[in-house]
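# Examining the three-dimensional arrangement
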Amino acid sequence: QVQLVESGGGLVQSGDSLRLSCAASGRTFSKYGMGWFRQAPGKEREFIAAISWNGGSTHYADSVKGRFTISRDNAKNTVYLQMNSLKPEDTAAYYCAVDRVAYATWSSARTTSSAAYDHWGQGTQVTVSS
């Protein structure tokens, strides 16, 4: 049974930083790419960042490029999202997800689609005050 557990969310001020973590279990983590998405109230779920199974490739949404960094530690079965220079518009629930295909051939376009992922965490709330 695959489980993804996000942590690290909270209430911060504009310009602050947060690091989100997503701990994975139930699947050989090192074989699968991972993604981060977010969803604000009244809005559709939005792709944020993705990382390949070996950490060699990453992709970011334009809205967070240069501010957010995705990374992974396969020894700890954990993927991270370092978020710097946070803005009020970053306020959302953040979700991690695991690719449905092991050793997936990297495609930036593919990683932006929620259909590429088959398991999701429960989410962690990030609120940025102005």
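The coordinates are above.
The paragraphs below set out a description of the structure included in this document. (Residues numbered from 1 in each chain as written. Predicted model: local features only at pLDDT ≥ 70, side-chain atom pairs only at ≥ 80, totals over all residues. Heavy atoms only, no water.)

This part takes up the environment of serine 108. Along the polypeptide, serine 108 turns up in helix α1 (residues 108–111). Between the C-alpha atom of serine 108 and that of histidine 59, which follows or precedes it by 49 residues, the distance is 6.0 Å. (Helix = DSSP H or I, 4+ residues; strand = E, 2+ residues; numbered from the N terminus.)

Moving on: the pattern of salt bridges. Enumeration over the complete set of coordinates arrives at six salt bridges. Close ionic contact of arginine 38 with aspartate 90 constitutes a salt bridge, the shortest N to O distance being 2.9 Å. Here aspartate 90 lies in the loop between β8 (78–83) and β9 (92–102) and arginine 38 lies in strand β4 (residues 32–39), a separation of 52 residues in the sequence. Here arginine 38 matches aspartate 90 in class, with each residue buried. Through salt bridges with shared partners, a single network forms among Arg38, Glu46, Arg67 and Asp90. (Salt bridge = Lys/Arg side-chain N within 4 Å of Asp/Glu carboxyl O. Buried < 20%, exposed > 50% of the residue type's maximum accessible area, 1.4 Å probe, protein only.)

Quick look at the pairing of strand β1 (residues 3–7) now. In β1, alternate side chains face the same way, and those of Leu4 and Glu6 are buried while those of Gln3, Val5 and Ser7 on the opposite face are not. Two strands pair when backbone bridges link them, and β1 and strand β3 (residues 18–25) are joined in this way by five bridges, in the antiparallel orientation. Note on β3: the bridge partner recorded for leucine 4 is alanine 24. (Pairing = 2+ DSSP bridges.)

By size, the foremost hydrophobic cluster in this structure holds 36 residues, and its most contacted members are Trp36, Leu81, Met83 and Tyr94. Excluding anything up to four places from it in sequence, leucine 81 contacts Leu18, Arg19, Leu20, Trp36, Ile48, Ala49, Phe68, Thr69, Ile70 and Tyr94. (Core = buried A, V, L, I, M, F, W, Y, C linked by side-chain atoms within 4.5 Å. Contact = heavy atoms within 4.5 Å.)

Below, the discussion takes up the sheet that holds β1. Spatial strand order, β1-β3-β8-β7: four strands in an open sheet with antiparallel pairing. Every other strand in the sheet has two partners, leaving β1 and β7 (68–73) as the edge strands with one partner each. Taking the axes of each pair of neighbouring strands and ignoring which way they run, one obtains an average angle of 15° across the sheet. (Axes fitted to C-alpha atoms, helices over the stretch in contact; angles between N-to-C directions.)

All right, on to the side chain of threonine 78 then. Position of threonine 78 relative to the elements: it lies in strand β8. Look past the residues within four positions of threonine 78 in its chain and what remains in contact with it is Ser21, Cys22, Ala23, Phe29, Arg72 and Asp73.

This next bit is on the packing of aromatic side chains. Scanning the entire structure with this criterion turns up five aromatic pairs. Pairing phenylalanine 37 with tryptophan 120 gives two aromatic rings, centres 5.0 Å apart and planes at 65°, and the pair type is edge-to-face. Note that phenylalanine 37 is positioned in strand β4 and tryptophan 120 in strand β10 (residues 117–120), a separation of 83 residues in sequence. In this structure phenylalanine 37 comes out as buried when scored by relative accessible area, which is 2%. Judged by its relative accessible area of 26%, tryptophan 120 falls in the partly exposed class. (Phe/Tyr/Trp six-rings, centres within 6.5 Å; stacked < 30°, edge-to-face > 60°.)

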